[in-house]
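# Geometric and topological summary
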Amino acid sequence: MLGMDLILKNARLADRETGVEIGIADERIAAIAPALSADGPELKAEGCLVVPGLIETHIHLDKTCILDRCHIEEGTVAEAVRETAAAKRGFTVDDVYARGKQTLERCIKHGTMRMRTHVELDPGIGLIGLEAIEQLARDYAWAIDVEICVFPQEGLLNLPGTDALLVEGLKRGARTIGAVPYADTDPRGHIDRVFEIARDFDVDIDMHLDLAETADGMQIEHVCDRTEQYRYGGRVAVGHATQLSVLPRARFEAIARRLADVGVAVTVLPATDLYLMGRDHDHDVPRGVTAAHRLLDHGVVCSIATNNVLNPFTPYGDCSLVRMANLYANVAQIGRPAELASCLDMVTTLAAKLMNLKNYGIKIGNPADLVVLDCNDPALAVAELARPLFGLKNGRRSFVCPQPRLLPEASAFK
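Because the structure is a prediction, the values reported are computed rather than measured.

Calculation rules
Residues numbered from 1 in each chain as written. Predicted model: local features only at pLDDT ≥ 70, side-chain atom pairs only at ≥ 80, totals over all residues. Heavy atoms only, no water. Disulfide = S-S within 2.5 Å. Buried < 20%, exposed > 50% of the residue type's maximum accessible area, 1.4 Å probe, protein only. Helix = DSSP H or I, 4+ residues; strand = E, 2+ residues; numbered from the N terminus. Expected span 1.5 Å × (residues − 1). Contact = heavy atoms within 4.5 Å. Right-handed = clockwise from strand over helix to strand, strands pointing away. Pairing = 2+ DSSP bridges.

Our focus in this paragraph is the state of the cysteines. Here, disulfide denotes a covalent bond that connects the sulfur atoms of two cysteines. Applying the stated criterion across every chain yields a total of zero disulfides. Left without a disulfide partner, C343 is nearest to the cysteine sulfur of C302, which lies 11 Å away. When its relative accessible area of 0% is taken as the criterion, C343 is described as buried. The thiol of C375 is unpaired, and the distance to the nearest cysteine sulfur, on C48, comes to 7.2 Å.

Written out as structure tokens, the structure is:
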């Protein structure tokens, strides 16, 4: 009889109709079967859905939780950039660490076990944010794998000194480079330079792109061209892309096919895009959230992510990716079980594909990164906002959130 470090009993998997037992040894999934002939400590899943650790593909830990330092009146992208830039002047390493820790712990408690966080580098902030988030990633490696994407929020070509800081960030170990083309007067030059740097350092690209509510000045097709030119298919993602949401169906589908053909992924950020878009409309207000499920139909890799928490870009958020998937489903008017389940995929398996993660998923030999959700079906996980009950990171419980229980009047004070 095999010996296991832990056996997770009566677990429901998305691709199985009956419960299974998952054996864990040496921090990895060692066995999956209806009933294991193995010895070891047991943990009961009680028939609940078990999914691989949730993945946050796009968040900003360095500028989280700064509402008390900002003044919000317009709710626009320009105001958010302006107010955040002003707040950044007071950032210190300790300050960024403390705020980032608050948000990171919330993410962990909601089942997030992998993360790509964007960190701003420019002559004003220097490496302050990067140093803080690097330390935070080290300190919480027991619960979450954090990947850093360095990027130029306030511009690249227009802001001398930023280019060198991005290069320094990559030399320090950042594995992804970002971009904000609409922050420069030459957006295509901005995009081209980011591709050059990415090629030089052999890192992936994750851009903030096409954040607007008309189709004017879209750059997504230029990104596709450069992806093809640099043979970077599968290594480029774009976040927001709200301009896709205003296109006629024919052009949307043409761009979707192009994205799939060249290998550019898309991350939708429902909370931020709903908040920022449509501010100049007094009726028939556009949602501004791109239809990721329609992109999936064309073979585009898509994820759903949080973006900002409690700052001028998004003045709310509890760091729950299940809630974000549910918000997207509401906005996109999704009701069919298969499409609801795809929303969960966009914070798990599809998100892993976007980030080029290896050894991810509930398979023998993979790291035992598992989350138990209070439901028994992927579609219901999104529809019901299923609570994560507990998680295993490398086979060790990293958080617990017990099921609430009712207290009848007769026993309320016992």
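So much for the structure itself; the text now carries on.
Turning our attention to helix α2 (residues 93–109). Taking 1.5 Å of rise per residue, 17 residues should cover 24 Å, and α2 covers 24 Å from first to last C-alpha, within 8% of that figure. Those residues of α2 that fall on the buried side of the exposure criterion are D95, V96, R99, G100, T103, L104, C107 and I108. Among the structural elements, β8 (54–59), β9 (112–120), α3 (128–139), β10 (145–151) and β18 (396–400) are those in contact with the buried residues of α2. Two residues or fewer after α2 comes G111, characterised by a positive phi angle close to 95°.

The buried count for β10 comes to six of seven residues, which makes it a mostly enclosed element. Taking the sense of rotation as the criterion, the β-α-β connection linking β9, α3 and β10 turns out right-handed. Looking at chain direction, β10 and strand β11 (residues 176–179) are connected through two bridges and run parallel. Residue pairing across strands places V150 opposite I177, the latter belonging to β11. What joins β10 to β11 is helix α4 (residues 162–171), and the crossover it makes is right-handed.

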